[in-house]
Amino acid sequence: MGHTDINIKELIKKQLLEQLTVEEEKLLEREKIRYTEDEYELMVIEVLRGLGGQLPKGILQDWQPDVDAIIEKAKALKAEKEKVVKVQQEEKIYWAVAVAALLFFGLATLIYFALRQEVTYVLPAGNNSLHFANDGDIPSEESSCMLLVGKSTWIKVYPDHVGRIKQVGDLLISRTKEGVLKIERREGNHEASTIANLEIHTEARQQCVLETEDGTRIRMNAQTWVRYPIQKRDISYIDLIGEAYVSTSEKTFIVGTVKGKVTSTSSDFVIKSVKESTKTVLNNGKLDLYAYSLKKSKRLHSPRDLGILMADWSDKSSVPKDTLFRMEDMNFEMAKMWTRKVRTYENIPLRAFVEEMSRWEGFTIKQWDCLPKNKFITTSVHYQSAKEEVYSAIKDAGVLLYEERGMLSFCPEDKKNKIAMTERRKHHE
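A quick note: this is a predicted structure, and the numbers were derived from the prediction, not measured.

Calculation rules
Residues numbered from 1 in each chain as written. Predicted model: local features only at pLDDT ≥ 70, side-chain atom pairs only at ≥ 80, totals over all residues. Heavy atoms only, no water. Helix = DSSP H or I, 4+ residues; strand = E, 2+ residues; numbered from the N terminus. Buried < 20%, exposed > 50% of the residue type's maximum accessible area, 1.4 Å probe, protein only. Areas by Shrake-Rupley, 256 points an atom, 1.4 Å probe, with all protein chains shown as cover. Core = buried A, V, L, I, M, F, W, Y, C linked by side-chain atoms within 4.5 Å. Contact = heavy atoms within 4.5 Å. Disulfide = S-S within 2.5 Å. Pairing = 2+ DSSP bridges. Axes fitted to C-alpha atoms, helices over the stretch in contact; angles between N-to-C directions. Parallel < 35°, antiparallel > 145°, perpendicular 65-115°, else oblique. Nonpolar A, V, L, I, M, F, W, Y, C, P; charged D, E, K, R; others polar. Polar contact = N/O pair within 3.5 Å; in protein donor to acceptor, adjacent residues only side chain to side chain. Arc of directions from axis to C-beta. Salt bridge = Lys/Arg side-chain N within 4 Å of Asp/Glu carboxyl O.

Caption draft 1: Fine view of the overall build of the protein. Broken down by element type, the protein carries 8 helices and 20 strands. Across the 429 residues in the protein, those meeting the buried criterion constitute 50%. Approximately 21600 Å² of the protein is accessible, and the part contributed by carbon and sulfur atoms is 47%.

So, in structure tokens, the structure goes:
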């Protein structure tokens, strides 16, 4: 049989539905090499969208969030889990995903009412059969950003830039051929710098991989800001607004946020910092999340621990007070979905999807309260897809989208400026 007689999309579909035989799996692996990585990923996205309700049912199919019930259920599951001494690996994975997903929706509900127009969330665990579509981070070779040196010197760092970028005092900034923005101390007779900080900015549809002088790796998401002190300190330190995946060295590293700071050593974690909240999910190691206003910290010490520092409006005085808490068994890979070339979301709140896409695409939402609160979405988006693909996914979820003065609106009164939805292009028919 020639490869032209093989329907590769049908094989992808059977793999998603967990119906692939051993022979068909081998055939699919052979056929994949006939396509570029991007071509294959786009076919996966097309098949995923076509499946719709045919996907294996998720564990949250008919569930509605109830914070208290979720916490009690999580405790019960954990207690039951501790009683089991010998359990198969597949059962462990199933319960971990169930707890992570339940906790996420409880957290999403809590934070929605607490932050109102600010959204903090962790993406729910998807079906295991979709994992292959999520393989592969956005290549670091594509990293780009803007540097601000002093008050007015802007430097654009392009994906094809390799080598020295700027020397500030004894601080050398360069870009490796792998696309990593590297900051190093160069001993010698360098003139002392009068500039206090280096600022690193990413725009919409940009990510930047940064390596600090102590070896810490930071992947900055789109629309993220990092301030790096030029003066040498005993402890490495950055300020962050936005979202990042951080992998620290054996030396103590501090990430400062608007409301507090994260201190870690030999660990990796995802952190999201906005005006009203700081959220971090631990993968390995340990870290402390400290609240300035409360003058206390929470220790995250186990993989998949979640730390939240946020403003709480529950007090009758209507004056927000900070609250600091820790939750367990979050899905780390879902928390860092934004690093992937293919972002696959299954039955997540529409509000969470819109917030994720607005950071990447650069959308401005006119009024968050107009988003339907009980809408969920299942879709896959390639990081290089046009923003019309995101519009189409929202439309497929049953929600209309409008544009007014460069802002997106979900409010019915703005329908006169309705955004035209484009048909998705077909690939490899």
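Caption draft 2: Spotlight on the nonpolar core. Grouped together as the largest cluster of nonpolar side chains are 36 residues, with contacts concentrated most on Leu-147, Leu-181, Leu-198 and Ile-200. When residues no more than four places from it in sequence are discounted, the contact partners of Leu-198 are Leu-147, Leu-148, Val-149, Ile-173, Ile-183, Val-226, Arg-227, Tyr-228 and Ile-230. Residues Tyr-345, Ala-352, Val-354 and Ala-393 belong to the second largest nonpolar core, which totals 24 residues.

Caption draft 3: Inspection of the state of the cysteines at higher detail. Applying the stated criterion across every chain, the model contains 1 disulfide. Cysteine Cys-145 is unpaired, with the sulfur of Cys-208 as its nearest cysteine sulfur at 3.7 Å. For Cys-145, a relative accessible area of 1% gives the class buried.

Caption draft 4: Inspection of the pairing of strand β14 (residues 296-300) at higher detail. Of the pairings in the sheet, the one linking strand β13 (residues 277-291) to β14 comprises 5 bridges and is antiparallel in character. The residue bridging Ala-291 from the neighbouring strand is Lys-296, located in β14. What sits between the antiparallel neighbours β13 and β14 is a turn of 4 residues, in which Lys-295 has the positive phi angle 55 degrees.

Caption draft 5: Structural context of the packing of helix α7 (residues 350-361) against helix α8 (residues 387-396). Orientation of α7 relative to α8, taken along the N-to-C sense of each, is 170 degrees, at an axis distance of 11 Å. Considering their axes alone, α7 and α8 lie roughly antiparallel with respect to each other. Note on element contacts: α8 touches α7 through Lys-387, Val-390, Ala-393 and Ile-394, opposite Leu-350, Phe-353, Val-354, Met-357 and Glu-361. Residues that form the contact of α7 with α8 fall into these classes: 7 nonpolar, no polar and 2 charged.

Caption draft 6: View of the environment of Pro-139. You can see Pro-139 is positioned in the loop between α5 (89-115) and β1 (145-149). Residues Pro-139 and Arg-340 lie 201 residues apart in sequence; the distance between their C-alpha atoms is 9.1 Å. The residues contacting Pro-139, other than those within four sequence positions of it, are Lys-341 and Tyr-383.

Caption draft 7: Local environment of the environment of Ser-302. Note on placement: Ser-302 falls in the loop between β14 and β15 (306-312). Sequence separation of Ser-302 and Lys-286 is 16 residues, and the distance between their C-alpha atoms is 7.1 Å. Here the side chain of Ser-302 touches His-301 through a polar contact of 2.9 Å, side chain to side chain.

Caption draft 8: Representation of the side chain of Thr-224 in the model. Relative to the helices and strands, Thr-224 is located in the loop between β8 (217-220) and β9 (225-229). In this structure Thr-224 comes out as buried when scored by relative accessible area, which is 2%. At 3.0 Å, the side chain of Thr-224 forms a polar contact with the backbone oxygen of Asn-221. In this structure the side chain of Thr-224 is engaged in a polar contact, spanning 3.3 Å, whose partner is the backbone oxygen of Ala-222. Ignoring sequence-local partners within four residues, the contact set of Thr-224 consists of Ile-200, His-201, Thr-202, Leu-240, Ile-241, Gly-242, Glu-243 and Arg-359.

Caption draft 9: Fine view of helix α1 (residues 8-16). Along α1, the residues classified as buried are Ile-8, Lys-9, Leu-11, Ile-12, Gln-15 and Leu-16. Angularly, the buried residues of α1 cover 160 degrees about the axis, an arc narrow enough to put them on a single face. Against the buried residues of α1 lie α2 (22-32) and α3 (37-51). N-cap assignment for α1: the residue whose side-chain oxygen lies 3.2 Å from the backbone N of Lys-9 is Asn-7.

Caption draft 10: Highlighting the pattern of salt bridges. If you walk through the whole model with that rule in mind, you get 19 salt bridges. A salt bridge links Asp-137 to Lys-336, with the shortest nitrogen-to-oxygen separation between them at 3.9 Å. Taken as a pair, Asp-137 in the loop between α5 and β1 and Lys-336 in the loop between α6 (332-335) and β17 (342-349) lie far apart in primary sequence, 199 residues in all. The class for Asp-137 is partly exposed, based on a relative accessible area of 30%. With a closest N to O distance of 3.0 Å, Arg-326 and Asp-305 form a salt bridge. Taken together, the residues span a long stretch of sequence, with Arg-326 in strand β16 (residues 321-327) and Asp-305 in the loop between β14 and β15 at a distance of 21 residues. Given a relative accessible area of 27%, Arg-326 falls into the partly exposed group. Members of the salt-bridge network, linked through shared partners, are Asp-137, Glu-333, Lys-336 and Arg-340.

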